[in-house]
Each structure stands twice: as C-alpha cells, then as structure tokens.
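Here are the chains, one letter per residue:
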Amino acid sequence: YIWFTADTFLSISKNELEEFCDIYSNFKIPFFIQSRPETLSDYKIKKLKEVGLSRFAVGIEHGNEKYRANMLKRHYSNKNLIKSLKILSDNRISFSVNAIIGFPDETLDLAMETVELCKQIEGWDDCKSSIFQPYYGAPLREYCVKKGYIPKDLICPDYTEGSLMTMPMFSKADIAGLYRTFTMYLRLPKERWPEIKVAENFTPEGNKMFEKLRNEVAL
C-alpha cells in the first residue's frame with residue numbers, strides 16, 4: 001500500500017496524470033492520495049481507480065463561503081464542493097473529510113457552519129477537525145501577529161490539541177470544547193446537540209457527558 005504525501009495530488013496536468021497512470025499500471029498497488037475539492041473530476045478519479053486508487057482525503061477547511069473566500073482564498077461554493085465530493089462516492093472511493101476550526105477572527109457560530117457543511121457531505125467514512133496553527137511561512141501568521149492574537153516570536157509545536165491564539169470572539173476554551181466534540185456533532189442527530197453542548201465544557205458535568213457520548217459514537 002502506498003501513501004502519496006502530495007497535498008494536492010490532482011493539481012497535476014492531464015498529461016502528467018495519464019503518464020502517471022501508464023507507469024503505475026505496471027504495479028497497481030493500492031494507494032491513498034489527498035487533494036483539494038476543486039481539483040476533482042470524474043475523469044481523474046476513474047483513471048486513478050483503474051490503477052489502484054483506494055482512498056482519498058480532502059480538506060474543506062471552512063463551511064462559510066464568504067469567510068473561506070476572504071480569509072483562506074478558497075473560491076468555491078458549498079454546492080459545488082458537495083457536488084465534487086459526490087464524484088468519490090459515485091465511483092466507490094472511500095474518503096475522509098478534514099476541516100479546521102479556530103481560524104483568526106472566527107466565531108463559534110462560524111465554526112458551527114463548518115459542522116453543518118460536513119453533515120451535508122454524503123459518503124465519507126471519516127470526518128475530523130484540526131485546530132488552526134499559525135506556522136511560520138503561512139500567510140495568515142502575519143495577520144495573527146498584527147491583530148495581537150499571537151506574540152511575534154511564537155513557535156508552533158508539531159501538534160497541539162489547543163489553540164495558540166488569544167481571540168476575544170472565540171476563546172481557547174470554546175475552541176478546545178468544539179474540537180473534542182466535533183465528531184459527535186457529525187455522528188449524532190441534531191436533537192442530541194444540547195447534550196453535546198454540555199460535553200464541550202471541561203467541567204465535571206461536561207466531562208461526564210463527554211464520556212457518555214464518546215461511548216455511544218465509539219470515538
């Protein structure tokens with residue numbers, strides 16, 4: 001099994017794709033790729049499936065179209081996103097969806113739009129969130145420094161389950177609470193959301209509810 005680590009595998013040209021398939025057809029070892037939703041097409045997926053594509057990961061980043069375009073420079077509608085990902089389920093390719101919460105200037109309401117979008121996407125077998133990290137070299141880092149969300153000399157660790165930013169509109173506690181319950185919102189019906197809201201809190205009551213719901217969804 002091979003995992004190609006290119007962030008946007010499908011951004012290659014049609015000629016490069018066909019050359020890859022011609023060469024890889026000699027091996028046909030199952031493989032896993034990741035790419036952005038706007039790079040998807042039925043033609044590309046069918047060609048890759050013929051030579052071994054078995055799994056796909058896609059990052060949707062954020063559920064609010066205006067925020068996604070203005071802050072993240074991702075210019076596509078939620079309707080087109082859902083349509084693109086249907087290509088994967090139509091071709092019976094298993095796929096995971098990745099989202100990010102805790103972006104600069106984000107609010108809890110905006111983050112919940114990401115939850116809502118993920119619930120609308122059909123066919124994924126795994127959907128999870130990460131917390132935004134203002135790494136050196138990322139365009140949004142300078143924005144975070146200018147807004148005073150992080151100190152200028154902050155060095156991000158390789159991995160963290162908490163936000164490194166201090167923002168008045170979306171607290172570190174609220175980000176951490178949504179992060180740990182993100183999958184619960186996706187896998188449980190909306191009538192259970194008040195219970196999940198309790199589980200967001202790092203209190204004895206919240207922790208008890210979190211453990212109860214975690215056992216239900218087998219996280």
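Placed above this text is the structure.
1. A look at the side chain of Arg141
Right, on to step 1. You can see Arg141 is positioned in helix H6 (residues 139-147).
Right, on to step 2. At 2.6 Å, the side chain of Arg141 forms a polar contact with the backbone oxygen of Pro134.
Right, on to step 3. Excluding residues that lie within four positions of it along the chain, Arg141 makes contacts with Pro134, Tyr135, Tyr136, Ile150, Pro151, Lys152, Asp153, Leu154 and Cys156.

2. What about helix H4 (residues 78-90)?
Right, on to step 1. In this model, H4 (13 residues) spans 18 Å end to end at C-alpha, consistent with the 18 Å of a helix rising 1.5 Å per residue.
Right, on to step 2. Along H4, the residues that are buried comprise Asn78, Leu81, Ser84, Leu85, Ile87 and Leu88. Looking straight down H4, one finds that the buried residues subtend no more than 160 degrees of arc, so they occupy a single side. When the buried face of H4 is taken as reference, the exposed residues oriented beyond 90 degrees from it are Lys79 and Lys83.
Right, on to step 3. The inward-facing, buried residues of H4 abut helix H2 (42-50), strand S3 (53-61), helix H3 (65-72), strand S4 (94-101) and helix H5 (108-120).
Right, on to step 4. One or two positions beyond H4, positive phi appears at Arg92, with a value near 55 degrees.

3. Let's talk about helix H9 (residues 204-217)
Right, on to step 1. For H9, spanning 14 residues, the distance from its first C-alpha to its last is 20 Å, which sits close to the expected 20 Å at 1.5 Å a residue.
Right, on to step 2. Turning to H9, its buried residues are Gly206, Met209, Phe210, Leu213 and Val217. Taken end-on, H9 shows its buried residues confined to a sector of 105 degrees, consistent with a single buried face. Of the exposed residues in H9, the ones pointing more than 90 degrees away from its buried face are Pro204, Lys208 and Asn215.
Right, on to step 3. On its buried side, H9 packs onto helix H7 (172-187) and helix H8 (193-199).

4. A few points about the sheet that holds strand S1 (residues 2-3)
Right, on to step 1. The sheet built from 5 strands is open, its strands ordered S1-S2-S3-S4-S5 with parallel pairing. The open sheet has two edge strands with one neighbour each: S1 and strand S5 (126-131).

5. With respect to unusual backbone geometry
Right, on to step 1. Within the chain, Lys28 stands out as a residue other than glycine whose phi angle is a positive 55 degrees.
Right, on to step 2. Its place among the elements puts Lys28 in the loop between helix H1 (14-24) and strand S2 (31-35).

6. Overview of the environment of Pro30
Right, on to step 1. Within the secondary structure, Pro30 sits in the loop between H1 and S2.
Right, on to step 2. Those residues in contact with Pro30 that lie beyond four places of it in its chain are Tyr1, Ile2, Tyr24, Gly52 and Ser54.

7. Quick notes on the state of the cysteines
Right, on to step 1. Enumeration according to the criterion identifies 0 disulfides in this entry.
Right, on to step 2. Unpaired in this structure, Cys156 has its nearest cysteine sulfur neighbour in Cys144, at a distance of 9.0 Å.
Right, on to step 3. Given the relative accessible area of 13%, Cys156 is considered buried.

8. Some details on the packing of H1 against H2
Right, on to step 1. Following both chains from N to C, one finds H1 and H2 inclined at 15 degrees, their axes separated by 10 Å at the closest point. Classified by the interaxial angle, the pair formed by H1 and H2 is roughly parallel. As for how H1 packs across H2, the hand of that crossing is left-handed. The segment H1 lies against H2, with Lys14, Leu17, Glu18, Phe20 and Cys21 engaging Tyr43, Lys44, Lys47 and Leu48.
Right, on to step 2. Tallied by class, the residues present in the contact of H1 with H2 amount to 5 nonpolar, no polar and 4 charged.

9. Some thoughts on the pairing of S4
On a regular strand, each side chain points to the face opposite its neighbour's, so the side chains alternate between the two faces of the sheet.
Right, on to step 1. Relative to S4, S3 runs parallel, the two sharing 6 bridges. The residue bridging Gly59 from the neighbouring strand is Asn98, located in S4.
Right, on to step 2. As judged from the 6 bridges shared by S4 and S5, these two strands associate in the parallel manner. Bridging from a neighbouring strand, Val97 pairs with Cys127 of S5.
Right, on to step 3. As a crossover connection, the stretch from S4 through H5 into S5 is right-handed.

Criteria and thresholds
Residues numbered from 1 in each chain as written. Predicted model: local features only at pLDDT ≥ 70, side-chain atom pairs only at ≥ 80, totals over all residues. Heavy atoms only, no water. Helix = DSSP H or I, 4+ residues; strand = E, 2+ residues; numbered from the N terminus. Polar contact = N/O pair within 3.5 Å; in protein donor to acceptor, adjacent residues only side chain to side chain. Contact = heavy atoms within 4.5 Å. Expected span 1.5 Å × (residues − 1). Buried < 20%, exposed > 50% of the residue type's maximum accessible area, 1.4 Å probe, protein only. Arc of directions from axis to C-beta. Pairing = 2+ DSSP bridges. Disulfide = S-S within 2.5 Å. Axes fitted to C-alpha atoms, helices over the stretch in contact; angles between N-to-C directions. Parallel < 35°, antiparallel > 145°, perpendicular 65-115°, else oblique. Left-handed = near helix turned anticlockwise from the far one by under 90°. Nonpolar A, V, L, I, M, F, W, Y, C, P; charged D, E, K, R; others polar. Right-handed = clockwise from strand over helix to strand, strands pointing away.

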